[in-house]
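Secondary and tertiary structure notes
Chain residues, written in single-letter form:
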Amino acid sequence: MKKLLSITGILFLSFVSVNAQQKLLGGQVIDKQSEEPIPFSAAVLKINGRGALADSSGKFYLHLSQWPAGDTLVISAVGYKPILFPIPEARDSVFVLAKMEVLPPQNETVVKAKYNRALWFWKKIISNKPRNDRSRYNSYSYEIYNKLELDLNNVNKEKLLKNKLLHKFDFVLDYVDSTSEETSFLPVYLTETLSDFYFQKSPYRSREIIKATKTNGLDNESVVKQLGGTYQNINIYNNFIPVFDLQFIGPFHNNGDNYYNFKLLDTQYLSGKRLVHLRFVPKRKGENTFEGDCWIHDSDFAVQKITMRPSGEANINFIKGLSMIQEYRLINDTTWFQYKDRFVADIAPLGKSRVGFKGRKTTTYENVKVDDPVVSEEIAKNKVPEEIVLLHGSEVKTDSFWINSRHEELTKTEEGVYELLDTLENNRTFRRYRSTLTFLTTGTKDIGNFRIGPWYYWYSGNAWEGTRLGFDLATNRGFNKNLYLHGYAGYGFLDKQWKYQVNAKYMFSREPWSYLQVQYMKDFDAGVTNSDQLSSSNIFAFLLRKPNIPLKYQILTEGRIDYHKESKSGIAFGISAVRQQYDPLLNLPSKSAFKNSTGEALNNFKTIFSLRYAHMERFIEDNFFRTSFGSDLPIVELNYTHGFPNILKSSYQYDRLDISVSDYLKLAPYGSLSYNIFAGKIFGTLPYQLLEIHPGNEYYYYNRYAFNLMKRYEYVSDRYVGATIEHNIGNGLFRFIPLTRKLKFRQFWNIKTLMGDLSPANQKLNFVDNYPFKSLDGKLYTEVGTGIDNIFKFFRIDFVWRVSPNSLPAQLPSHFGLFGSFRVSF
């Protein structure tokens, strides 16, 4: 070695009883980021020349007749920076813990030859995938132990001691692990699960029985179920491997030689099996690929161990370091099966040198059985294709149970996590800080059995109400596990009117989801609302509104009863009875323009029958609501509405059909694509409030569900069909430019199109009294857009063009618009 590199190993001295004539120099070599042993690394005395190879656990030993004082121990491993350790004064024994850093990406010269042995070897791995991949089996089962740990890293004890907000937490600093010479970390959370897992290939079925959980205050059952083995399996033989919400091209992709260069390094023997060391590095910069190495059994070309890290310029956010390690072993003479899985991620949301997080997931597999009749017997109990059963009492297992049941013992650091968490839970100051932080980030706060918020709706303003103050109050599951009560009130100081809502929801079942809800409200009609829509009662809304577009306001008074029931097959059914009264206030046709003889103008009573199909949709619950993680098939929704006259002074009889099909597709390595296809037809002559008001956007904040260059109430239809498509490409063309590749910019395009029409009868009824809307008359409305995503990891800019129709409303001076939005993703 021509250059001396800085010492990153950590020295631990341990004196042992040995023969006085023999000296012992030993150690263990581990990866600095993942803390995983590096097998078969080399340890050599620079002057003496004696050396040793580490075993499969990264440990090595040198037995010496004389102590090599003044010599230097050189520790090296392929793909890592060498470590130079000066030998101290005479000792009987020394044990070195060497934490090795991965070498930065290098421009290695690729020698083209007629015969590439490494490529031949890789092709043998690919051709043997069908016999080594566990998907070859019709069924299998195992006991799975999952351990997840979260640490704070880059912890500076001196700065924390000086922080006045943390002076009551001095005891926490006793748990800071400062064994590293460079950084310290504080273990803050640990969770464990123990499950029995069963899998059947055809027809696809999986069943997980969670026998024991240790989640330290996490009592959300829907979250606990995500911590088992059903959703955390990574198969390294697959073409694409998930890393958070991204898809990376695996080294054993069927066309992996188009993305990777391979190199044979050396061979070693383990338990009588000859293993070949294969290294892989990306061919090109900026692609979502891995770099790393693996040990392959040379007779059946099965993976024995693999370590993968995202390539240096992969387009992934907040990650300072990430390692994925999998180990396999023989369960019989010919069958290799995974027995250990490690995932270690250093997450640095504030920058690499600031406080961040280190997440560690360790999964081990025992009692593996393949094509066993027991699997079929357990799978037969399933009511859905994927079923997770959380056994009663799984959260109250004793310490002795865990000691006997864990697949591997906890380290002293991990044992300290439980002690720390118990101490913090009994600390009033900590609980107060945690509650305050939750309130600021989520907007809500639990006080006993009640929940207040979101706070960002408490203060707002608009041209009609002036300053508006409001307040929300709801119950949580501490009040009643099945009954949810909620209400809010807001007061406008200009119009001097109260707006309010009260509702009650009773849950009959959470699996499958089933409830009855009753609601009454009087407030501004928000029109089409969704997760991207800025409400007029949001504190941030008035800052982002486009200028010179007339404000449009109307009050909606609505009472409704909803019943919703789902089945385990993914089919959901709903029925609603709704009474609505509209009162236009500003820049909309007034109530007097719609007088009729059958009832009160703009008074509507309707029933809605809905059907929805979402195959194996996953959810996370919070209180009495839930967030969808999507479905692996398109989601189909069908709604039929019938309006009844002469009920509670209602005026309108009509029928309406609406249908939509939506999906989110991962198109690795070409990013992801989402689409929504929708259509509808209204039978009847109705005021504009009961027609299809196509969603427009009057803010500079981009709304993916609306037409962003369309004003609200610009177009109405009684029959329509349309589609929205967005393709998020990833870094796309930006990966070819060094600056944009470094900034991790991402590329996308989208198109939104709509065809609508309005019958002559509905035009005659609605085009009155300075009306702001019009009909598309069977023509297309189309927007196309592109832009830059992932700016500074959080922001997105959309460039949108209104392609058709050519005519523009007076308030829109151009066919082009520039929009911004905020998002967080890996």
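Before any of the text, the structure's been laid out above.
This report concerns the structure included in the present document. Everything numeric in this text was worked out from a predicted model, so none of it was measured.

**Structural notes on helix α7 (residues 412-425)**
Between its terminal C-alpha atoms α7 stretches 20 Å, which fits the 20 Å expected from 14 residues at 1.5 Å a residue. Among all positions of α7, only Glu414, Gly416, Val417, Tyr418, Leu420, Leu421 and Leu424 are buried.

**Regarding the pattern of salt bridges**
In total, this model carries 43 salt bridges according to the counting rule given. Aspartate 523 is the salt-bridge partner of arginine 468, the closest N and O atoms lying 3.1 Å from each other. Here aspartate 523 lies in strand β28 (residues 513-524) and arginine 468 lies in strand β25 (residues 466-475), a separation of 55 residues in the sequence. What makes aspartate 523 buried here is its relative accessible area of 8%. Here arginine 796 and aspartate 798 are joined by a salt bridge, their closest N and O atoms 2.7 Å apart. Each of the two residues, arginine 796 as well as aspartate 798, counts as buried. Through salt bridges that share partners, Glu465, Arg468, Asp495, Lys499 and Asp523 make up one connected network.

**Some words on empty space enclosed by the protein**
Overall, the coordinates contain one cavity of 30 Å³ or more when judged by the stated rule. One number sums up the size of the largest cavity: a volume of about 50 Å³. Lining of the largest cavity is provided by Asn132, Asp133, Arg134, Asn235, Tyr237, Tyr328, Trp336, Phe337 and Gln338. A total of three residues in the lining of the largest cavity trace back to one element, the largest contributor, which is strand β19 (residues 336-347). In terms of residue class, the lining of the largest cavity is built from four nonpolar, three polar and two charged.

**Examining the packing of aromatic side chains**
Note on aromatic pairs: each is described by the distance of the centres and the angle between the planes. Applying the stated criterion to the full structure yields 52 aromatic pairs. Ring plane angle 35° and centroid distance 5.3 Å describe the contact between tyrosine 484 and phenylalanine 624, whose orientation is recorded as tilted. Taken together, the positions of tyrosine 484 in strand β26 (residues 483-492) and phenylalanine 624 in the loop between β32 (618-622) and β33 (625-630) put the pair 140 residues apart, joining distant regions of the chain. The pair tyrosine 484 / phenylalanine 624 is uniform in exposure class, with both members buried. A connected cluster of aromatic rings, assembled from ring pairs, spans Tyr140, Tyr142, Phe197, Phe199, Tyr204, Phe337 and Tyr365. The ring of tyrosine 418 carries the charged tip of lysine 214 above its face, separated from the ring centre by 4.2 Å. Lysine 681 extends its terminal NZ or CZ atom over the ring of phenylalanine 683, reaching a point 5.2 Å from the ring centre.

Cut-offs and rules
Residues numbered from 1 in each chain as written. Predicted model: local features only at pLDDT ≥ 70, side-chain atom pairs only at ≥ 80, totals over all residues. Heavy atoms only, no water. Helix = DSSP H or I, 4+ residues; strand = E, 2+ residues; numbered from the N terminus. Expected span 1.5 Å × (residues − 1). Buried < 20%, exposed > 50% of the residue type's maximum accessible area, 1.4 Å probe, protein only. Salt bridge = Lys/Arg side-chain N within 4 Å of Asp/Glu carboxyl O. 1 Å grid on protein atoms, 1.4 Å probe; cavity = no way out; pocket = protein on both sides within 12 Å on 5 of 7 lines; lining within 4 Å. Points joined across faces, edges and corners; volume = space filled by probe spheres on them. Nonpolar A, V, L, I, M, F, W, Y, C, P; charged D, E, K, R; others polar. Phe/Tyr/Trp six-rings, centres within 6.5 Å; stacked < 30°, edge-to-face > 60°. Lys NZ or Arg CZ within 6 Å of the ring centre and 35° of its normal.

Purely geometric stuff here, so don't read any function into it on its own.
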